[in-house]
Amino acid sequence: MAKDSYLVGLIGAGIGPSLSPALHQREADRQGLRYLYRLLDTDVLGVAPQAVGDLVRAARDLGFDGLNITHPCKQLVIEHLDALDPRAEALGAVNTVVFEDDGRAVGHNTDVTGFAASFARGLPDAPLERVVQLGAGGAGAAVAHAVLTLGAGRVTVVDALPGRAAGLADSLVRHFGPGRAEAASLDRLPALLADADGTGGLVHATPTGMAAHPGLPLPAELLRPGLWIAEVVYRPLETALVRIAREHGCAVLPGGGMAVFQAADAFRLFTGLEPDSGRMLADFEELAGLERSGSHVG
């Protein structure tokens, strides 16, 4: 007999403004489910991100059905899980944990499918010969896999930590084949973006632009009309990068679509039920609009 009530949550830092609870709960309401979505914010709890393992164990003991995992815990959580699905294992990053009937905590990654669905919807004709990605953390691993799955010729990964960029590039090459990915230092970013002008674009996958990390992740003068820009950050929906890229004439993909499609995929994992991603996109637009107007969004 199918369940009619679910307890799920989100672990991360500074997640108070997250729209995930409302997105999940609205879809659950339409499907006639009792669905409680709790925030487990490491900042509010006064614990380090490394305490993610304790939070996962506590959630399992309290009867949670599953958890979403966000920055900065997507990689830290892995050692505390019993198993990973193949995609999460290949990525080395988890954004969804399902507590199975036998008590095992199994890690999944819906960021890959979420970004791919959003990109295909928002930038369907974007050239993918040369893609530059800024950021090689948990979200960066997912979106790089998604871009290559969509058919990108080559992804060049740039990160403030050169070893992390090299590690992701090596992983991508093992998965997708020689020549499909490489790592580069930050000082090469201007030349890389010049090469991508007209043949590709920039994927931004660092926390810069989030409410807690405001600002622009690269000099504005590097943006040019021949580049498309894909943003991963969605809080705020219009980051400094999204706004300034539009002003420079770039085709832009905001982070909201990825947030919706990964939430839909997580809902499916938690409940076994098929979500209506179209309705969830409409929910997101409404919730984001209410937020911009200063209204209460729940």
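It should be noted that the structure appears before, not after, this text.
Residues numbered from 1 in each chain as written. Predicted model: local features only at pLDDT ≥ 70, side-chain atom pairs only at ≥ 80, totals over all residues. Heavy atoms only, no water.

Novice: Let's hear about the sheet that holds strand β7 (residues 130–134): which residues, and what values?
Specialist: As a general point, the strands of a sheet are linked pairwise by backbone hydrogen bonds and lie either parallel or antiparallel. Read across the open sheet, the 6 strands follow the order β9-β8-β7-β10-β11-β12; overall the sheet is parallel. Bordering the open sheet on either side are β9 (181–184) and β12 (251–253), each of which pairs with just one other strand. The average undirected angle you get between the axes of adjacent strands in this sheet is 20°. Sheet analysis places strand β10 (residues 200–204) next to strand β11 (residues 228–231), joined by 4 bridges and oriented parallel. (Pairing = 2+ DSSP bridges. Helix = DSSP H or I, 4+ residues; strand = E, 2+ residues; numbered from the N terminus. Axes fitted to C-alpha atoms, helices over the stretch in contact; angles between N-to-C directions.)

Novice: A description of the packing of aromatic side chains should follow, citing residues and the corresponding values.
Specialist: By the definition in use, this model includes 5 aromatic pairs. With centroids separated by 5.9 Å and ring planes inclined at 55°, the aromatic side chains of Tyr234 and Phe284 adopt a geometry described as tilted. Of this pair, Tyr234 sits in the loop between β11 and α9 (240–247) while Phe284 sits in helix α11 (residues 277–293), and the two are 50 residues apart along the sequence. Both residues of the pair, Tyr234 and Phe284, belong to the buried class. An aromatic cluster of at least three residues, connected via ring pairs, comprises Tyr6, Tyr35 and Phe267. (Phe/Tyr/Trp six-rings, centres within 6.5 Å; stacked < 30°, edge-to-face > 60°. Buried < 20%, exposed > 50% of the residue type's maximum accessible area, 1.4 Å probe, protein only.)

Novice: Lay out the environment of Tyr35 with the relevant residues and their values.
Specialist: Within the secondary structure, Tyr35 is located in strand β2 (residues 34–41). Separated by 73 residues in sequence, Tyr35 and His108 have C-alpha atoms that sit 20 Å apart. A polar contact of 2.8 Å, which involves the side chain of Tyr35, links it to the side chain of His24. (Polar contact = N/O pair within 3.5 Å; in protein donor to acceptor, adjacent residues only side chain to side chain.)

Novice: Give a description of the pattern of salt bridges that names residues and reports values.
Specialist: One pass over the full model with this rule turns up 18 salt bridges. We note a salt bridge from Glu27 to Arg279, for which the minimum N-O separation is 3.2 Å. Note that Glu27 is positioned in helix α1 (residues 20–30) and Arg279 in helix α11, a separation of 252 residues in sequence. Taking the relative accessible area as the measure of exposure, Arg279 reaches 34% and is therefore partly exposed. Here Arg279 ties to Asp276 by a salt bridge, and the two come within 3.4 Å at their closest N and O atoms. What emerges from the salt-bridge pattern is a single network uniting Arg26, Glu27, Arg30, Asp276, Arg279, Asp283 and Glu286. (Salt bridge = Lys/Arg side-chain N within 4 Å of Asp/Glu carboxyl O.)

Novice: An account of helix α7 (residues 162–176) is needed here, citing residue identities and associated values.
Specialist: Every α-helix carries 3.6 residues per turn, so stepping three or four residues along brings you back to the same face. Here α7 spans 21 Å end to end across 15 residues, near enough to the 21 Å set by a 1.5 Å rise per residue. Each element contacted by the buried residues of α7 is listed here: α4 (86–91), β7, α6 (138–149), β8 (154–158) and β9. One or two steps after α7, the chain reaches Gly177, where phi turns positive at roughly 110°. (Expected span 1.5 Å × (residues − 1). Contact = heavy atoms within 4.5 Å.)

Novice: Requested: an account of the sheet that holds strand β4 (residues 83–84), with residues and values cited.
Specialist: Strand order in this open sheet of 6 strands is β2-β1-β3-β5-β6-β4, and the pairing throughout is mixed. Every interior strand has two partners, whereas the edge strands, β2 and β4, have only one. Pairing analysis gives 8 bridges linking strand β1 (residues 5–12) to β2, with the strands arranged parallel. In the sheet register, Gly9 faces β2, and the bridge partner there is Arg38. Of the strands in this sheet, β1, β2, β3 (66–69), β5 (96–99) and β6 (105–108) touch helix α10 (residues 256–271), which is tilted by about 10° from β5.

Worth remembering: the numbers are spatial, not functional.
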